[in-house]
Each structure stands twice: as structure tokens, then as C-alpha cells.
Amino acid sequence: MGKFINPFTDVGFKRIFGQEFSKPVLIAFLNGLLKDERCIVDVKFLDKEQIRINDGDRSLIYDIYCETETGEHIIVEMQNKYQPYFKKRSIYYLSRSIVEQGERGSEWSYDIKAVYLVAFLNFKLNDISSEFRTDVALMDMKRHTLFSDKVRLTYLQLPYFTKEADECENIFERIIFVLKNMDILQRMPWVAQDAVFKRLSDIAEVASLDKEERRQYDESLRHYRDTLVVMEGQYMEGERKGRAEGELKGRMDIARNLKAMGLSIDDIVKASGLTADEVAAL
């Protein structure tokens with residue numbers, strides 16, 4: 001067991017970003033993410049069931065849903081498993097959060113607040129980009145200018161973040177470094193330079209968990225590890241099937257060539273490893 005909790009577990013992610021006592025960490029992260037765009041002073045946590053962002057395995061996807069002091073909605077989520085439809089899913093749930101702001105009656109003038117979705121991806125989603133960070137907004141395609149600031153999606157592909165501690169240039173990168181390495185860190189870096197990392201150290205130490213929190217964390221960690229094992233097994237099985245299919249295709253190609261050369265079925269069987277029926281069917 002490491003000194004600090006694993007942030008890729010449900011309990012770990014919620015403890016770091018989704019609790020009242022962890023607000024300074026969340027606010028520092030969001031302000032680092034949105035540097036030179038806006039400054040968030042406070043957030044309040046909302047009931048995520050309003051948008052039902054989670055409808056799958058809790059070991060794969062988990063999130064927090066909050067609102068800034070000026071009304072913007074922010075969804076921060078961690079996803080541990082590749083999904084081919086993830087872009088569509090993220091757009092759908094962001095849109096739901098916009099629709100939930102609607103009011104009945106003719107007096108409402110569509111005064112919607114901006115919705116931000118920040119997605120930590122613990123895998124590579126190359127149909128977005130092959131970079132760590134990708135920001136998406138509504139754009140005027142002809143002028144290449146911002147059309148509206150009401151929609152914002154930021155995808156953070158953690159495998160592409162490869163900086164070491166001494167290479168991190170700002171608080172945003174430092175928080176990302178800590179998240180990626182937290183379960184193997186023996187001490188929290190930058191504690192002396194920034195109170196946010198002192199708070200993060202206090203929050204994330206396994207020793208700081210009470211008995212019930214430790215039980216929940218251990219269960220969450222077990223579930224996370226079990227999920228990784230299943231995912232690895234599925235990947236290895238897919239690799240095995242792929243190799244087997246590739247080998248079969250190779251033998252069939254050889255058999256077709258030999259058949260075209262006029263060799264007998266018996267000779268083709270011996271050369272390709274196929275059965276007589278398989279050769280005859282080519």
C-alpha cells in the first residue's frame with residue numbers, strides 16, 4: 001500500500017476533487033486549467049443525478065459536478081477505460097447540463113450559463129488528438145473565431161503527459177504530475193512552496209483516512225485493480241485471437257497460391273497445415 005491514495009479509484013478521485021475540504025485543490029486546478037481566461041473564487045457541488053452522467057461501471061467512470069460563484073457549470077470526470085463513442089457521450093452529457101438550465105414560461109430569455117466538461121482520460125483517445133490537452137469550443141468556421149463561450153470541452157489524455165517534477169512549469173502541470181504519480185510518491189512535492197500541495201498531502205495520505213473511509217477506499221482500490229485485470233485479460237485475448245486469425249489468413253493465402261499453381265490437395269495440406277476440406281473450399 002502506497003503512502004498516498006490512488007486518484008484513479010472512485011474514492012480517491014472524489015476525495016481529491018469532490019469534497020468540501022478539498023475545494024482549494026479543485027479551485028487551484030480549475031484556475032490553472034483556465035489561466036488567463038477567468039479566475040474562479042468558489043464552487044459549490046451540485047447533484048450530478050440531475051444529468052445522470054454516470055450510467056456505467058463505477059470503476060471505469062466517475063465524476064464531480066459543480067457550479068462556480070458566477071453560475072457556470074463544471075463537470076470534471078475521470079475515465080479509466082477506452083470507449084469508441086466517448087466524444088459523443090461527452091457532448092451529450094454537456095448538452096444535458098445546458099438543457100437542465102431551461103425555465104418554463106415565455107419570460108425566460110435563454111440566459112444559459114456556460115458549461116465546461118473536463119475529462120481526465122487514463123488512456124489514449126487518438127481520434128481526438130495525439131497530445132495531452134485538447135480544448136474544444138463552438139467556432140465560426142470561416143473566421144476561425146469563437147462563436148460562443150457557453151460550451152467548452154477539455155480532454156486531458158494522461159498517458160501523453162510525460163514531464164518529470166522539475167520540468168513542470170506551473171501549478172496546473174504540477175497537479176497533473178502529482179495525480180499521475182501519487183500512488184508511488186513517498187512525499188508530496190512542492191509542499192513548502194504552495195499551500196495547495198500541503199492540503200493535497202493532508203487529503204491524500206492513506207494514514208489520514210478513518211476506519212470507514214479506509215474500508216471504502218480499500219474496496220474501491222480492489223474494484224479498480226480487478227477492472228484492470230479484466231481489461232488486460234480482454235486485451236490479451238483479443239491479441240491472441242488476432243494472431244490466430246492472422247496465422248490462419250496466412251495459411252489460406254499460401255494454400256490459394258499453391259492451388260493456383262496446380263498442386264494436389266494432399267501437397268497443399270502438407271504445406272499449409274489446413275485440412276483437406278478447408279483447401280477444397282478455397
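Residues numbered from 1 in each chain as written. Predicted model: local features only at pLDDT ≥ 70, side-chain atom pairs only at ≥ 80, totals over all residues. Heavy atoms only, no water.

Quick look at the overall build of the protein chain now. Across its full length, the protein chain holds eight helices and six strands. Counting only residues that meet the buried cut, the protein chain has 42% of its 282 residues in that class. Considering only residue pairs separated by 6 or more positions, the protein chain has 59% of its internal contacts joining residues 24 or more positions apart. Taken as a whole, the protein chain presents about 16,000 Å² of accessible surface, with 52% of it coming from carbon and sulfur. (Helix = DSSP H or I, 4+ residues; strand = E, 2+ residues; numbered from the N terminus. Buried < 20%, exposed > 50% of the residue type's maximum accessible area, 1.4 Å probe, protein only. Contact = heavy atoms within 4.5 Å. Areas by Shrake-Rupley, 256 points an atom, 1.4 Å probe, with all protein chains shown as cover.)

On inspection of all chains with the given rule, the structure shows 21 salt bridges. Among the salt bridges present, the one from E212 reaches R215, with a minimum N-O distance of 2.7 Å. Here E212 and its partner R215 are both found in helix α6 (residues 211–260), three residues apart, which amounts to about one turn of the helix. Between K249 and D253 there is a salt bridge; the shortest N-O distance is 3.1 Å. (Salt bridge = Lys/Arg side-chain N within 4 Å of Asp/Glu carboxyl O.)

Our focus in this paragraph is the packing of helix α2 (residues 23–33) against helix α4 (residues 171–181). Interhelical geometry of α2 versus α4 gives an angle of 125° and a closest axis separation of 8 Å. Taken together, α2 and α4 sit at an angle that is classed as oblique. Viewed along their axes, α2 and α4 form a crossing whose handedness is left-handed. Contact residues: V25, A28, F29, G32 and L33 in α2; I171, F172, I175 and I176 in α4. For the contact of α2 with α4, the class distribution of residues is eight nonpolar, one polar and no charged. (Axes fitted to C-alpha atoms, helices over the stretch in contact; angles between N-to-C directions. Parallel < 35°, antiparallel > 145°, perpendicular 65-115°, else oblique. Left-handed = near helix turned anticlockwise from the far one by under 90°. Nonpolar A, V, L, I, M, F, W, Y, C, P; charged D, E, K, R; others polar.)

Another aspect to go through is the nonpolar core. Membership of the largest hydrophobic core comes to 51 residues, with the highest contact counts inside it found for F17, F29 and F120. Sorting elements by how many residues they give to this core places α2 first, with seven residues. Not counting residues up to four positions away in its chain, the partners in contact with F29 are F17, V118, F120, L156, F172, I175 and I176. Of all hydrophobic cores here, the second largest spans 16 residues; its members include I98, V115, A119 and L153. (Core = buried A, V, L, I, M, F, W, Y, C linked by side-chain atoms within 4.5 Å.)

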